Amino acid sequence: MTAVHVSELRKEFLRRNGRRVRRERVPALRDVSFTIERGECVAILGQNGSGKSTLVRLLSTLLLADGGSATIFGHDLGRDSRAVRRLINRVSVEASFFKKMSSAENLAYAARFYGMTPAQTGPRIPEILERVGFPASRRREPMENLSRGMQQKVALARALLTAPVLLLLDEPTTGLDPRSRLEVRDFIRQVRKTHDATVLLCTHDLDEAEALADRIGILDRGRLVCLATPEELKAAYGVETLEGVFFAATGRALEDDEGEEE
Amino acid sequence: MRGAAQSLRAELVGLAGVVERNAYLVRRYLWWELAFFLWTVANTLTIVFIAEGVEATGGRIDVQETTTVLLIGAVMWAYLGMIFEILTETVAWERWEGTIEYTFMAPLSRSVHLAGMGLFAVVYGLVQSVLLFAVVASFFDLSLPEANFVGALVVLAVASVSFVGIGMMTSVLPLVSPEKGTQLGFVAQGVLLVVSGVYYPVSVLPEWMQWLATISPATYALEGTRDAILAGAGLGELWDELWPLFVIGAVSIPLGLGVFRLGERHAKRHGKLKRSG
């Protein structure tokens, strides 16, 4: 069954350029097409500014596309956005929370929007926090007292609390220490096994992509230039590493900064 | 039928979640709440002392009545400020914390989300307004033997529907202008009250402003609460103020939702939901 079907998706942003009064249209995604099967994990690699976050935001119904179409488990993003929202959740690079509220309060707030009552979240929140490696005894501490790694674990817990069938991960381990990165990766593997979740992972971490994804795509300046298994990509470009694949496909190294993304 | 009941239940849980979150935030910022309450008391006193000031400088006025008129106007000003502030925070605070994208990608309908904010704003505003009235009144030797406080609260509650509708319109402004949108809520509050006779009768206004007063819910809210507190008007006598409030409320809520949806669409088209600095 197809979980995600994206067809010629296009997004542009208006940007004021220097002293020019008129704003110009800057393409963020250019006719991107791909599909993800149910239960699959697809990683999209790209530099900063390549359009990864724009893609995740479009699939999260947080942006409106300028062209093309996309469906999540058969529900159209534009026409049936509420049905899409019931199926998805997202973890982004910024673990955004009400900083004065505790992790338990933040999770309860998020869960209510998905119809979860206090009777349901009461036992579920400590349970899910334990699962992501967050000490449940700290769940009443304000978020501002927690480290970046701890906050990101709470962000994972928030996404999983609502049992999404499509998990959108936008650089979920950026800024984490090596140990936290490995914990998060293990957790993503575990979620795929236990929840039958489909995962779209946007990252600029080659190791992470190779470790987690069934297929890897490369997004370059808004264009999806390839999408295949790591072995197929290496064979197609005649290289031995994903780094080599990226260089061959885009003409640049992944670390080269392309600029801030919208 | 069962599906519809489940969907309604989920929406009600979401609405309660919005109220619950605001209660958490009030608790976390309790000292700030107290500080702002003190500021509101001080601000209200600066207005209400005017009546005694006029008498002290030789003016011939009914100090009791003028003090009460000013007190009601100042409390209404504060109440409207609280409603608009909480509704505007729907966007502004969440945008600042970065949570707005998670809230807006949740499957809760926007009307229920805003209704939750409106419900909290009204309850919070009413509690603070009652306290404000009591605290400021204690500074003056006010005698209100005929006051119908229940009637005044009914007028305020009915007017709140319209205020929430207008608040929904102003709450979208931070999406359109992240830097200055919040302040525009204060502009709306000021404009609404200046044409509504906040500290003076509407009849002293220029004719075009008097016309605006007829479509402002604050006009009827001020007249109704003053009639109830000063003259002890019962609900039957307050009907002249209540029915326009019902009509304006019936128009302003769908209008507010429509404006908010337009703003949300604009933000999603131009990528303005994301926090930028």
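Below, the structure is looked at part by part. (Residues numbered from 1 in each chain as written. Chains lettered and ligands numbered in written order. Predicted model: local features only at pLDDT ≥ 70, side-chain atom pairs only at ≥ 80, totals over all residues.)

**Topic: the sheet that holds strand β3 (residues 41–45) of chain A**
By definition, the strands of a sheet pair up through backbone hydrogen bonds, in either a parallel or an antiparallel sense.
All names here are of chain A.
Working step 1: The six strands are arranged β6-β7-β8-β3-β9-β10 in an open sheet whose pairing can be described as mixed. Bordering the open sheet on either side are β6 (88–91) and β10 (223–228), each of which pairs with just one other strand. Here the strands of the sheet are splayed against their neighbours by 15° on average, with no regard to which way each runs.
Working step 2: Where β3 lies against strand β9 (residues 215–220), four bridges are found, and the strand directions are parallel. Considered in β9, the bridge of I44 is made with G217.
Working step 3: The strands that helix α1 (residues 52–59) touches are β3, β6, β7 (166–170), β8 (198–203) and β9; relative to β7, the one it contacts most, it runs at about 150°. (Pairing = 2+ DSSP bridges. Helix = DSSP H or I, 4+ residues; strand = E, 2+ residues; numbered from the N terminus. Axes fitted to C-alpha atoms, helices over the stretch in contact; angles between N-to-C directions. Contact = placed C-beta atoms within 7 Å.)

**Looking at the packing of helix α4 (residues 118–131) of chain A against helix α5 (residues 148–161) of chain A**
Residue and element names in this part refer to chain A.
Working step 1: At a closest axis distance of 9 Å, the pairing of α4 and α5 adopts a crossing angle of 130°. When the interaxial angle is binned, α4 and α5 end up oblique. In this structure, the crossing between α4 and α5 has a hand that is right-handed. Residues R124, I128 and L129 of α4 form the contact with α5, whose own contacting residues are A157, L160 and L161. (Parallel < 35°, antiparallel > 145°, perpendicular 65-115°, else oblique. Left-handed = near helix turned anticlockwise from the far one by under 90°.)

**A closer look at the sheet that holds strand β5 (residues 75–76) of chain A**
Residue and element names in this part refer to chain A.
Working step 1: Strands sit in the order β2-β1-β4-β5 across an open sheet of four strands; the sheet is antiparallel. For this open sheet the edge positions go to β2 (23–37) and β5, each flanked by a neighbour on one side alone.
Working step 2: Here strand β4 (residues 67–72) pairs with β5 via two bridges, running antiparallel. When the sheet's bridge partners are listed, I72 is paired in β5 with H75.
Working step 3: Sitting on the sheet, α1 touches β1 (2–16), β2 and β4, and the angle it makes with β2 is about 70°.

**Thoughts on the nonpolar core**
Working step 1: Formed by 152 residues in total, the largest nonpolar core has its most connected members in A43(A), A157(A), L201(A), M76(B), L80(B) and I83(B).
Working step 2: It is helix α4 (residues 63–97) of chain B that provides the largest number of residues to this core, a total of 18 residues. (Core = buried A, V, L, I, M, F, W, Y, C linked by C-beta atoms within 7 Å. Buried ≥ 20, exposed ≤ 12 C-beta atoms within 10 Å, placed from the backbone.)

**A short note on helix α1 (residues 2–28) of chain B**
Working step 1: The end-to-end C-alpha separation of α1(B) is 39 Å, in line with the 39 Å expected for 27 residues at 1.5 Å each.
Working step 2: Listed in full, the buried residues belonging to α1(B) are A10(B), E11(B), V13(B), G14(B), L15(B), G17(B), V18(B), R21(B), N22(B) and L25(B).
Working step 3: In the core, the buried residues of α1(B) are packed alongside α3 (103–112) of chain A together with α6 (110–137) of chain B. (Expected span 1.5 Å × (residues − 1).)

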